[in-house]
Amino acid sequence: MAPGCIIILGFLVFCFFLGLTSSARPPPPTGLCAASVTPQGYKCQEFEVKTQDGYILSLQRIPEGRAGGGGNKQPVLIQHGVLVDGMTWFLNPPDQSLPFILADAGFDVWIANTRGTRYSTRHTTLDPSKPEFWNWTWDELVTFDLPATLDFVFSQTGQKVHYVGHSMGTLIALASFSEGRLVDKVKSAALLSPIAYLSHMTTALGVVAAKAFVGEITTLLGVAEFNPKGEAADQFLKMLCSNPGIDCYDLLRALTGKNCCLNSSTVELFLKNEPQPTSTKNMVHLSQTVRDGVIAKYNYGNSEFNLMHYGEIRPPIYNLSNIPHNLPLFLSYGGQDALSDPRDVGLLLDSLKLHDGDKLTIQFIKDYAHADFIMGVNAKDIVYTAIVAFFNRQ
């Protein structure tokens, strides 16, 4: 089952059993800076980035640490995963949150927000209430969002950029690097809970969800936007949970793995702020990765349509072995992660077997699961300190 399916079902069940799915989404704050950064005593700047296909993305910059300090700092771009946004990095106190830790360590920190999330719902011509706005998958994040965001940071700073991605944020980076995109502007990349191959995810709820998303999602929902807090998603959840053998109550452990190190207050804050919408088409694409067993572009399900879009009857594959062997990579994954399963990470590492030995750093954390990497109370000591050291070595 695809990571998107597991994540979305996790969010849906959380929201459903907390009575949140039927509530209206609160209006967004004036910006992520005002909501989560400046109240903690850090300088923060808001930017807008326009993609080549017209989406207007929100981007935040933390130019220095709380103690201040000038100089020509090395830029870092931080990219969230599916169905969350940039705020997901700020749910812990400052001394446990990656962006603040990087800023205090002397980096120029930039926070990305993918199209469709609360701060990135604008387009030059399209209306987010219309299906056309949601006609995209993570292919477009590879082709448009990531290049636009990273190019903007590069143009503003004049320096190559360190990259941090979590979950789908790793998938779009790996796919991009495999096509030779951005590699001339990326100094290094740290990939947390890396998502690529997905053949070892076997939870019953995930299997049902993947089958539904691949085969029946448009008839189940009838909408182009997949809003986890909407009525259509609520009905979809009820349908999935009615399947025999599906336990929608044992959720966090069953779907994301046994997260060892989450603070209950952080989880509550997470549920108040997330999840964020994505496109239904994106969820289908994520599920196709499981069905086809390869990392490929979106399959239109029809040879003629594929031929029209790609010039061939099957979608082109993202060949991860084409990632430049001298691009410094840091991969951190957990032994309890039900999304980025260690066996699937092993397949990813096999794709990188020709990578220069001194350019590939691998960290395995036996007790960590998917959410520990962004919300774990000890992530600073175990993961973030290692990321800072990795960046400083480049």
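Residues numbered from 1 in each chain as written. Predicted model: local features only at pLDDT ≥ 70, side-chain atom pairs only at ≥ 80, totals over all residues. Heavy atoms only, no water.

What should I look at first to understand the overall build of the protein chain in this one?
Of regular secondary structure, the protein chain possesses 14 helices and eleven strands. Every one of the 394 residues in the protein chain was classed for burial, and the buried ones make up 57%. Within the protein chain, residue pairs in contact and separated by at least 24 positions form 77% of the contacts whose partners lie at least 6 positions apart. Per element, the accessible surface of the protein chain, about 15,500 Å² overall, is 51% carbon and sulfur. (Helix = DSSP H or I, 4+ residues; strand = E, 2+ residues; numbered from the N terminus. Buried < 20%, exposed > 50% of the residue type's maximum accessible area, 1.4 Å probe, protein only. Contact = heavy atoms within 4.5 Å. Areas by Shrake-Rupley, 256 points an atom, 1.4 Å probe, with all protein chains shown as cover.)

Teacher, can you tell me more about the pattern of salt bridges here?
Inspection of the entire model under this criterion finds ten salt bridges. Between Glu 64 and Lys 43 there is a salt bridge, with the nearest N and O atoms lying 3.2 Å from each other. Taken as a pair, Glu 64 in the loop between strand 2 (55-62) and strand 3 (74-79) and Lys 43 in the loop between helix 2 (32-37) and strand 1 (45-50) lie far apart in primary sequence, 21 residues in all. Take Glu 64: its relative accessible area is 14%, and that puts it in the buried class. Residue Lys 43 is classed as exposed on the basis of its relative accessible area, which comes to 51%. Measuring nitrogen to oxygen at the nearest pair gives 2.4 Å for the salt bridge that ties Arg 122 to Glu 48. Within this pair, whereas Arg 122 is found in strand 5 (residues 122-123), its partner Glu 48 is found in strand 1, the two being separated by 74 residues in sequence. Under the relative-accessibility criterion, Arg 122 is labelled partly exposed at 43%. (Salt bridge = Lys/Arg side-chain N within 4 Å of Asp/Glu carboxyl O.)

Just to check I follow, could you spell out the environment of Tyr 163 for this structure?
In this fold, Tyr 163 is placed in strand 6 (residues 161-166). Overall, Tyr 163 belongs to the buried group, its relative accessible area being 1%. For the pair Tyr 163 and Ile 78, spaced 85 residues apart in sequence, the C-alpha to C-alpha distance is 6.1 Å. In this structure Tyr 163 touches Leu 77, Gln 79, Leu 146, Gly 169, Ile 172, Ala 173, Ser 188, Ala 189, Ala 190, Leu 191 and Phe 391, once residues within four positions along its chain are discounted. Here the side chain of Tyr 163 touches Gly 169 through a polar contact of 2.6 Å, landing on its backbone oxygen. (Polar contact = N/O pair within 3.5 Å; in protein donor to acceptor, adjacent residues only side chain to side chain.)

Any chance you could explain the packing of aromatic side chains here in plain terms?
Evaluated as defined, the whole model comprises 16 aromatic pairs. Summarising the aromatic geometry, the rings of Phe 107 and Phe 391 are spaced 5.9 Å apart at their centres and angled 70 degrees between planes, so their arrangement reads as edge-to-face. Of this pair, Phe 107 sits in strand 4 (residues 107-112) while Phe 391 is found in helix 14 (residues 379-393), placing the two residues 284 residues apart along the sequence. With relative accessibility at 2%, the residue Phe 391 sits in the buried group. Between Tyr 333 and Phe 364, the aromatic rings sit 5.1 Å apart at their centres with planes inclined by 50 degrees, giving tilted as the arrangement. Of this pair, Tyr 333 sits in strand 10 (residues 329-334) while Phe 364 sits in strand 11 (residues 360-365), and the two are 31 residues apart along the sequence. A relative accessible area of 12% means that Tyr 333 is categorised as buried. What makes Phe 364 partly exposed here is its relative accessible area of 46%. Ring pairs connect the aromatic residues Tyr 55, Phe 133, Trp 134 and Trp 136, which therefore count as one cluster. (Phe/Tyr/Trp six-rings, centres within 6.5 Å; stacked < 30°, edge-to-face > 60°.)

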